[in-house]
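# A closer look at the structure
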Amino acid sequence: MLRKIIFLGLVLLSFSCEKEPKNYEINVNLDIPLNKRDAEIFRMEGRKKIVQDSALTDNGKIVFKGSVETPDIYYILVDGIKGTLPIILENTNMDITIYRDSVSKSLIEGSRENDITKKYMEESKFLTEFNNKLKDRFQTASSNGDSEEIAAVRASYDSLVKESYKYDMGFIKKHNDYAFAAITLERLTKGKAITEDESQEIYNLFPERIKQTRPAKSAMEFLKKDKSKTKNTGKKGASDVSVGNVAPDFTGFTPEGKPLALKDIKAKVTIIDFWASWCGPCRRENPNVVRMYDKYHGKGLEIIGVSLDKNGQKDRWIKAIEKDGLTWPQVSNLKGWNEPIAVQYGVRSIPATFILDESGKIVATKLRGQQLEDKVAELLN
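Quantities reported herein were computed from a predicted structural model and do not represent experimental measurements. (Residues numbered from 1 in each chain as written. Predicted model: local features only at pLDDT ≥ 70, side-chain atom pairs only at ≥ 80, totals over all residues. Heavy atoms only, no water.)

## Considering the overall build of the chain
Each helix and strand counted, the chain has twelve helices and 15 strands in total. A compact globule built from 381 residues would reach a C-alpha radius of gyration of about 21 Å, whereas the chain, at 27 Å, exceeds it by more than 25%. Within the chain, the fraction of its 381 residues that count as buried is 44%. A sequence separation of at least 24 residues applies to 64% of the contacts in the chain between residues at least 6 apart. As presented, the chain carries roughly 21700 Å² of accessible surface, and 51% of it is formed by carbon and sulfur atoms. Computing the positive centroid from 61 side-chain charges and the negative centroid from 55, the chain places the two 3 Å apart. (Helix = DSSP H or I, 4+ residues; strand = E, 2+ residues; numbered from the N terminus. Rg over C-alpha atoms; globule rule 2.2 N^0.38 Å. Buried < 20%, exposed > 50% of the residue type's maximum accessible area, 1.4 Å probe, protein only. Contact = heavy atoms within 4.5 Å. Areas by Shrake-Rupley, 256 points an atom, 1.4 Å probe, with all protein chains shown as cover. Lys, Arg positive; Asp, Glu negative; His and termini not counted. Charge placed at Lys NZ, Arg CZ, Asp CG, Glu CD.)

Structure below.
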């Protein structure tokens with residue numbers, strides 16, 4: 001009798017503990033009967049395209065078969081259909097319907113990872129819609145030359161960025177057992193949207209199988225290389241220029257070729273403004289900065305502009321200074337994104353600002369538009 005019970009237990013165990021599939025089969029249906037057209041699944045590694053699978057359309061149908069080591073973000077491309085369909089490829093059977101005139105509305109069924117991706121997109125839809133509204137407002141304000149509206153839009157955009165960050169962090173913490181969470185972590189880490197500690201915190205929440213995915217490994221490898229680069233070059237990174245620290249000194253060259261150091265700037269409030277003649281958002285922001293400078297310079301405000309123009313663009317840099325009416329000190333080593341001052345301050349996107357008090361301490365960063373002016377007014381009052 002005991003042997004029968006043991007045998008029955010083994011039988012039940014074999015049914016209840018299903019093995020994870022080792023292969024995928026993707027059945028794609030197009031809403032048009034394309035025949036003998038090339039179709040492929042690929043992913044991007046930097047600028048390198050890596051094809052995972054390829055097939056020919058058969059009267060509007062495609063079948064992909066294969067396997068992946070771990071789930072990851074891929075794209076489906078079909079000759080005759082404009083655009084690509086992003087999917088998280090995992091070892092499971094999927095049914096996909098692609099609409100020729102609206103690839104973004106295509107249906108993906110049978111995939112745990114793509115179900116959670118859909119949930120993310122649906123729940124964050126309000127952020128996307130708000131962003132689109134801000135784009136429309138900004139275009140209208142730019143066309144009308146409405147500087148106050150432009151400043152208001154920029155302030156709203158900064159709030160949107162913070163809300164998006166908050167949503168992403170909450171979502172991947174809640175769904176940390178999905179590869180989608182690792183993919184999101186990679187995006188946030190490489191985009192410097194979160195700190196090193198926050199990246200590590202999220203990674204530590206992942207179960208082992210998620211830690212073994214390419215995006216999770218990539219995020220941690222990026223942190224490792226970033227730390228190593230800072231250590232080996234001796235250049236100061238973002239951790240040295242956080243709010244509360246004294247701004248590290250630097251020296252650049254003015255358009256006349258004369259050296260100028262940050263310590264040479266004496267003011268109650270100093271703004272370090274990273275920009276470039278080729279940077280559209282920087283140039284659009286300049287009228288607001290000029291207006292603020294004219295208003296508060298006499299009360300103790302000074303600005304030092306640091307340009308990320310590169311060698312061969314000196315004339316463009318000088319013309320942009322003149323055209324935009326930038327009357328405050330300007331420096332550059334004309335090395336583009338390798339500008340030593342930008343590297344020292346951890347600048348990876350422009351425009352970027354660092355606001356210093358009279359003692360040289362950093363009191364705020366990344367402020368633009370009305371938020372920047374409000375901070376300056378607060379410090380000078």
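## A look at the pattern of salt bridges
Throughout the structure, instances matching the rule amount to 16 salt bridges. Arg-137 serves as the salt-bridge partner of Glu-149, at 2.9 Å between the closest nitrogen and oxygen. With Glu-149 in helix H4 (residues 147-174) and Arg-137 in helix H3 (residues 125-144), this pair connects stretches of sequence that are twelve residues apart. Since its relative accessible area comes to 23%, Glu-149 is described here as partly exposed. A salt bridge links Arg-291 to Glu-373; its shortest N-O distance comes to 3.0 Å. Separated by 82 residues along the polypeptide, Arg-291 in helix H9 (residues 280-296) and Glu-373 in helix H12 (residues 369-380) bring together distant segments of the chain. Assessed through its relative accessible area of 34%, Arg-291 is described here as partly exposed. By relative accessible area, which is 5% here, Glu-373 ends up buried. (Salt bridge = Lys/Arg side-chain N within 4 Å of Asp/Glu carboxyl O.)

## Some points on the packing of H9 against H12
In the contact formed by H9 and H12, the axes pass within 10 Å of each other and the chain directions differ by 15°. Relative to H12, the element H9 lies roughly parallel. In terms of crossing hand, the pair formed by H9 and H12 is right-handed. On H12, the residues touching Glu-285, Arg-291, Met-292, Lys-295 and Tyr-296 of H9 are Gly-369, Leu-372, Glu-373, Val-376, Ala-377 and Leu-380. Split by residue class, the contact of H9 with H12 holds six nonpolar, one polar and four charged. (Axes fitted to C-alpha atoms, helices over the stretch in contact; angles between N-to-C directions. Parallel < 35°, antiparallel > 145°, perpendicular 65-115°, else oblique. Left-handed = near helix turned anticlockwise from the far one by under 90°. Nonpolar A, V, L, I, M, F, W, Y, C, P; charged D, E, K, R; others polar.)

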